[in-house]
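Topology and contacts: notes
Chain residues, written in single-letter form:
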Amino acid sequence: MVGVDGSPSSYAALRWAVRQACLVGGTVDAVAAWELPGMFGWSGPAVDADVDEEAARQGLAQELTEVLGTEPAAPVRPLVVRGNPVDVLLRASEGAEALVVGGRGRGGFARALLGSVSHHVALHANCPVVIVRPQAA
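Before going into details, it helps to say that this report is about the structure given with it.

Some remarks on the pattern of salt bridges
- Inspection of the entire model under this criterion finds two salt bridges.
- In this structure, R77 and D29 form a salt bridge, with 2.6 Å as the shortest nitrogen-oxygen distance. Highlighted residues: R77 in strand β3 (residues 76–82) and D29 in strand β2 (residues 28–34), separated in sequence by 48 residues.
- Its relative accessible area of 45% is what places R77 among the partly exposed residues.

Have a look at this one:
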């Protein structure tokens, strides 16, 4: 199981998960969480949830192809799940052999050692957690 959020560290995590799955003959579930804009604000969302979910699916498929190519070394199943990224990944960790996440995602603290999502899943996941940092540029 690997969390993908469009960040360089999530791409590094995806590549790591595929290499590991190749070594053990496994399959990678690539999970992208999405939420409706304004979901937690005062007003209701002014969007079509089906359109947003389809856009998230297409975005994940495009990211997987860009990062892994058209024929990854191990099977990869794209999973788009509506919800908070921490909650989605913690649920996904139930029954997983491992959960792989990037060390820092799309959050705002550039110098943080861990992102908030990776920190939370490291503390609360139901399986071993691997935190992958991107290569230094």
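A look at helix α1 (residues 8–24)
- Taking 1.5 Å per residue, 17 residues should reach 24 Å; α1 reaches 25 Å between its end C-alpha atoms and fits that length.
- Of the residues trailing α1, G25 is marked for its positive phi of about 75°.

Focus on the nonpolar core
- Among the nonpolar cores identified, the biggest contains 22 residues, and V2 and L14 are the most heavily contacted of them.
- Those elements giving two or more residues to this core turn out to be α1, β2, α2 (49–68) and β3.
- The greatest single-element share of this core, amounting to seven residues, is contributed by α1.
- Beyond its immediate stretch of four places on either side in the chain, V2 contacts A13, L14, A17, V28, D29, A30, V31 and V100.

What to know about the pairing of β2
- Burial analysis of β2 places six of its seven residues in the buried class, which makes it a mostly covered element.
- With two bridges connecting them, strand β1 (residues 2–3) and β2 associate as parallel partners. Within the sheet, the bridge partner assigned to G3 lies in β2 and is V31.
- With respect to chirality, the unit in which β1 leads through α1 into the neighbouring parallel β2 is right-handed.

Looking at the packing of helix α3 (residues 85–93) against helix α4 (residues 116–124)
- α4 packs onto α3 with a crossing angle of 35° between their chain directions and a minimal axis gap of 10 Å. For the pair α3 and α4, the sense of crossing is right-handed. Across the interface between the two elements, P85, V86, L89 and L90 of α3 pack against V117, H120, V121 and H124 of α4.
- Taken together, the residues of the contact of α3 with α4 break down into six nonpolar, two polar and no charged.

Thoughts on the environment of A92
- When you line up the elements, A92 lands in helix α3.
- In this structure A92 comes out as buried when scored by relative accessible area, which is 17%.
- Spatially, the C-alpha atom of A92 lies 9.2 Å from that of D29, the residues being 63 residues apart in sequence.
- For A92, the contacting residues outside a window of four places in its chain are M1 and V31.

Here's the deal with the environment of V121
- One can find V121 in helix α4.
- Taking the C-alpha atoms as reference points, V121 and V86, 35 residues apart in sequence, are found 6.5 Å from one another.
- Excluding anything up to four places from it in sequence, V121 contacts V86, L89, L90, L99, V101 and V129.

About the criteria used
Sequence order as written defines the numbering, with residues in each chain counted from 1. Local features in this predicted model are restricted to residues of pLDDT 70 or higher, and side-chain atom pairs are both shown and tallied only at a pLDDT of 80 or more, whereas totals for entire chains, interfaces and linings draw on every residue. Computation of side-chain values: all heavy atoms of the structure, hydrogens and water removed. Here, a salt bridge means any Lys or Arg side-chain nitrogen found within 4 Å of an Asp or Glu carboxyl oxygen. The secondary structure listing takes helices from DSSP runs of H or I that are at least 4 residues long and strands from runs of E that are at least 2 residues long, numbered from the N terminus. Burial here depends on accessible area, computed with a 1.4 Å probe over protein chains only, as a share of the maximum for the residue type. Under 20% is buried, over 50% is exposed, and the range in between is partly exposed. An expected span of 1.5 Å times one less than the residue number is assigned to each helix. The term nonpolar core refers to a set of buried residues drawn from Ala, Val, Leu, Ile, Met, Phe, Trp, Tyr and Cys, joined through side-chain atoms within 4.5 Å. Between two residues, a contact is recorded if the distance between any of their heavy atoms is within 4.5 Å. For two strands to be treated as a pair, DSSP must find no fewer than two bridges joining them. A clockwise path from the first strand over the helix to the second, with the strands pointing away from the viewer, defines a right-handed crossover. Axis definition: a line fit to C-alpha positions, over the contact stretch in the case of helices; interaxial angles, taken between N-to-C directions, run 0 to 180 degrees. Throughout, a crossing is termed right-handed when the near helix is turned clockwise from the far one, and left-handed when it is turned anticlockwise from it by less than a right angle. Here the nonpolar group is Ala, Val, Leu, Ile, Met, Phe, Trp, Tyr, Cys and Pro; Asp, Glu, Lys and Arg are the charged ones; every other residue, Gly included, is treated as polar.

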